[in-house]
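The chain contents come next:
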Amino acid sequence: MVVKAHPLWRNENEPSIAIGHAMTTIRSFMTDDHRRCDDLFADAEQAVAKKDFTLAGAAFGHFQSAMLAHFDSEEKTLFPTFEAKTGMSMGPTQVMRMEHVQLRALMNDAVDALKAGNSDDYLGLADTLVIMMQQHNMKEENILYPMCDQHLSDELPAVLERLETELCEE
Amino acid sequence: MQALLAFENAPPFAAPLRFFLTAPLFGVLAGLLIAFEGADVFASRWMPGALAATHLITVGFMLQVMLGALIQILPVVAGANLRQPLLIARLVHVGLSAGALMLAAGFLLGLPQLLGGGAVVLGMTVLAFLIVTAIALRGVPTTSPTIRGIKLSLFSLFAVVGLGIVMSLALAYGWPLPFSALTDLHAGWGLGGWAAVLLAAMAFVVVPMFQLTPGYPARSSWWFPIIMLAMLVVWSAALLLDLSVLARLGQLGAALAGIAFALQTMRLQAKRRRARPDATYRYWQLGLISSIFALFLLSTAALWPTAAELEGWTLVFGVLLVAGGFLPFITGMLYKIVPFLSWMHLQNTGQAKVPAPAMNKILAESGMHRQMLAYGLALILLLAAVFFPAWLARPAGLAFAVANGWLWWNLFSAIRRYRSHLADISRKLAAL
């Protein structure tokens, strides 16, 4: 089951995001999942702040698997559908895939730092990870997802259903 | 559309970097100027040294970083790609630096021709920047408060520079103008319409991003730029129509809008979810507290104009808002942006085959933290120097120069480390 992001943490920045359930779009659905990942990341940060590295490791593990599930749903479902429909295979989706590679590497390094109990290394990696992740999310939320909504209007119910299933399986 | 997200569209690192590395040097110059001129600088806001130092900081430091950051960020947050960003950066950087030096020298030496010349160089530079930015932003829909804020702030930039040019030419040619009221308005458009609106537009993105706070509420972030500009329009119209009560109402409105924004940001920062407060967060706290005090002074003076005639009132307001508010906000952001851009460029050079060092390996937290303490000390000395200029003006100037020199050293060291990692990564890539 996809846990809805707590309303406090939703991105209130974007007035065009449909509030409530009147209309689910790829943008609103995937943005909610970004916020859920942010929440899980924040749990790990709080544990590190308390110097509880066992808890931090577990919390970071949850965050990592949520992120990986998100990437997978994009790389296996959303991006191929978008590419097939628009013919843009070397465009924005390719850039997002490259950033996924960078984010995966950062998460692996952070896991290693947590295992070693090295909070300085972890905080440096977490800082990089946060900014990388947020600017990546910003590009998806403001540019790529709206493009998906625009180009995939016919496929929307089917795509959303598949995304929902994939993000629940994790 | 395809190219919108491409890394290739992020401008080369050299484009924004030249601005970021030059800005602290202007801070050093301003500090040295105060140390050299001594108590005279604090005698009144109209002293040649005070005007020169103010413009070294607002144009040489603030405008410098703001234009450099816009060149970097326009493609990312607005999808607005500047054509030939490196060429634009080079021209703007030279024009801005030369113009700021001429302007400051013109004020200091009392040479109206130099002053007018500096204003014209700055005016042409900013106009050129505005034209290329307008071309890049043409057709970009206003889908977020950030894009709206950027667009509106650029209008204010035009206003503040226009007013500056008119005043400097009036000084050069002896046109009779109400200089005192126009200077206030010039500062209002510059600090309120341009700097504060652009800062807010950036804050909507970077406060949640750097500190993992909730987002700004849609309504207030959508309206803040509009209210600020509306107040400045009211203030400007009141000046034209010679309605001083209305002008004060405009000032009050602008000050209250600023206070509301600062309080909102504090409220969000209180909900931040990062593990440890860092230099950026502390710099922002300093900036928010100083700005709130400064804007409280401004609102008081708008309601009760005689307050502004109290000894040191305007100087304290200026030091608090610019040295206590804007500079800490900007420095706090530079401390994230420079290491992040270093990391990003290294990461892309390594092509996921050779790993890039994390941000804290480029610029360590301890170095930033110590520089921040030095800056805090300089700020306290500057504020105290308003009241004890004979004793404290020179130490305050020196402390400000040292703190800015330290900022430069931190950023420069980060870039040196970036360069050595870059060479290292290229070597490793070639060996693969």
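The notes below deal with the structure included here. (Residues numbered from 1 in each chain as written. Chains lettered and ligands numbered in written order. Predicted model: local features only at pLDDT ≥ 70, side-chain atom pairs only at ≥ 80, totals over all residues. Heavy atoms only, no water.)

**A closer look at the side chain of B:Gln264**
All names here are of chain B. Relative to the helices and strands, Gln-264 resides in helix H8 (residues 244-270). Here the side chain of Gln-264 touches Arg-267 through a polar contact of 2.9 Å, side chain to side chain. Once residues lying within four places of it in the same chain are set aside, the contact partners of Gln-264 are Tyr-216, Pro-217 and Ser-220. (Helix = DSSP H or I, 4+ residues; strand = E, 2+ residues; numbered from the N terminus. Polar contact = N/O pair within 3.5 Å; in protein donor to acceptor, adjacent residues only side chain to side chain. Contact = heavy atoms within 4.5 Å.)

**Considerations on the interface of chain A and chain B**
Each partner contributes to the interface: chain A provides 44 residues, whereas chain B provides 39 residues. Counting the surface lost from both chain A and chain B, the interface buries some 3,700 Å², and carbon and sulfur atoms represent 65% of this. For the pair chain A and chain B, the interface holds 6 salt bridges. A salt bridge links A:Asp127 to B:Arg274; the nearest nitrogen and oxygen atoms lie 3.0 Å apart. Mapped by element, the contributors of at least two residues to the side of chain A that touches chain B are helix H1 (26-49), helix H3 (92-115) and helix H4 (119-151) of chain A. For the side of chain A that touches chain B, the element with the highest residue contribution is H4(A), accounting for 19 residues. Here the side of chain A that touches chain B is composed, by residue class, of 24 nonpolar, 9 polar and 11 charged. (Buried area = accessible area lost by both parts, 1.4 Å probe. Salt bridge = Lys/Arg side-chain N within 4 Å of Asp/Glu carboxyl O. Nonpolar A, V, L, I, M, F, W, Y, C, P; charged D, E, K, R; others polar.)

**Here's the deal with the environment of B:Phe210**
Along the chain, the position of B:Phe210 falls in helix H6 (residues 179-211). Owing to a relative accessible area of 6%, B:Phe210 belongs among the buried residues under this scheme. Between the C-alpha atom of B:Phe210 and that of B:Val338, which follows or precedes it by 128 residues, the distance is 13 Å. Those residues within four positions of B:Phe210 in sequence are excluded, and the remaining contacts are A:Ile131, B:Arg274, B:Thr280 and B:Lys336. (Buried < 20%, exposed > 50% of the residue type's maximum accessible area, 1.4 Å probe, protein only.)

**Examining H3(A)**
Taking 1.5 Å per residue as the helical rise, H3(A) with its 24 residues ought to reach 34 Å, and the 35 Å between its terminal C-alpha atoms agrees with that figure. One or two steps after H3(A), the chain reaches A:Gly117, where phi turns positive at roughly 65 degrees. (Expected span 1.5 Å × (residues − 1).)

**A few points about the packing of H3(A) against helix H10 (residues 313-350) of chain B**
One can describe the packing of H3(A) onto H10(B) by two numbers: an axis separation of 12 Å at closest approach and a directional angle of 110 degrees. When the axes of H3(A) and H10(B) are compared, the pair comes out roughly perpendicular. Facing H3(A), whose interface residues are A:Met98, A:Gln102 and A:Leu106, H10(B) presents B:Trp343, B:Gln347 and B:Asn348. For the contact of H3(A) with H10(B), a count of residues per class yields 3 nonpolar, 3 polar and no charged. (Axes fitted to C-alpha atoms, helices over the stretch in contact; angles between N-to-C directions. Parallel < 35°, antiparallel > 145°, perpendicular 65-115°, else oblique.)

**Some points on a nonpolar patch on the surface**
All names here are of chain B. Together, Leu-240, Leu-241, Leu-243, Leu-246 and Leu-249 give the surface a local cluster of nonpolar side chains, amounting to about 520 Å² of exposed area. Those elements that place two or more of their residues in the nonpolar patch are helix H7 (218-241) and H8. Structurally, Leu-243 is set in the loop between H7 and H8. Residue classification places Leu-243 among the partly exposed residues on the basis of a relative accessible area of 40%. (Patch = residues over 30% accessible without salt bridge, like charges linked within 9 Å, V, L, I, M, F, W, Y side chains within 5 Å. Areas by Shrake-Rupley, 256 points an atom, 1.4 Å probe, with all protein chains shown as cover.)

**Quick look at the packing of aromatic side chains**
All names here are of chain B. Under the definition given, this model contains 17 aromatic pairs over all chains. Relative to Trp-189, the ring of Phe-155 has its centre 6.0 Å away and its plane inclined at 75 degrees; by these criteria the two rings are edge-to-face. Note that Phe-155 is positioned in helix H5 (residues 145-173) and Trp-189 in helix H6, a separation of 34 residues in sequence. Here the guanidinium or amino end of Arg-148 rests over the ring plane of Trp-223, the centre of that ring lying 5.8 Å away. (Phe/Tyr/Trp six-rings, centres within 6.5 Å; stacked < 30°, edge-to-face > 60°. Lys NZ or Arg CZ within 6 Å of the ring centre and 35° of its normal.)

**A few points about unusual backbone geometry**
Residue and element names in this part refer to chain B. Residue Gln-84 is not a glycine yet carries a positive backbone phi of 50 degrees. Structurally, Gln-84 can be placed in the loop between helix H2 (48-78) and helix H3 (85-109). Assessed through its relative accessible area of 53%, Gln-84 is described here as exposed. Residues other than glycine seldom take positive phi values, yet Leu-212 does so here, at roughly 50 degrees. Here Leu-212 is to be found in the loop between H6 and H7. Relative accessible area serves as the criterion here: at 2%, Leu-212 is assigned to the buried category.

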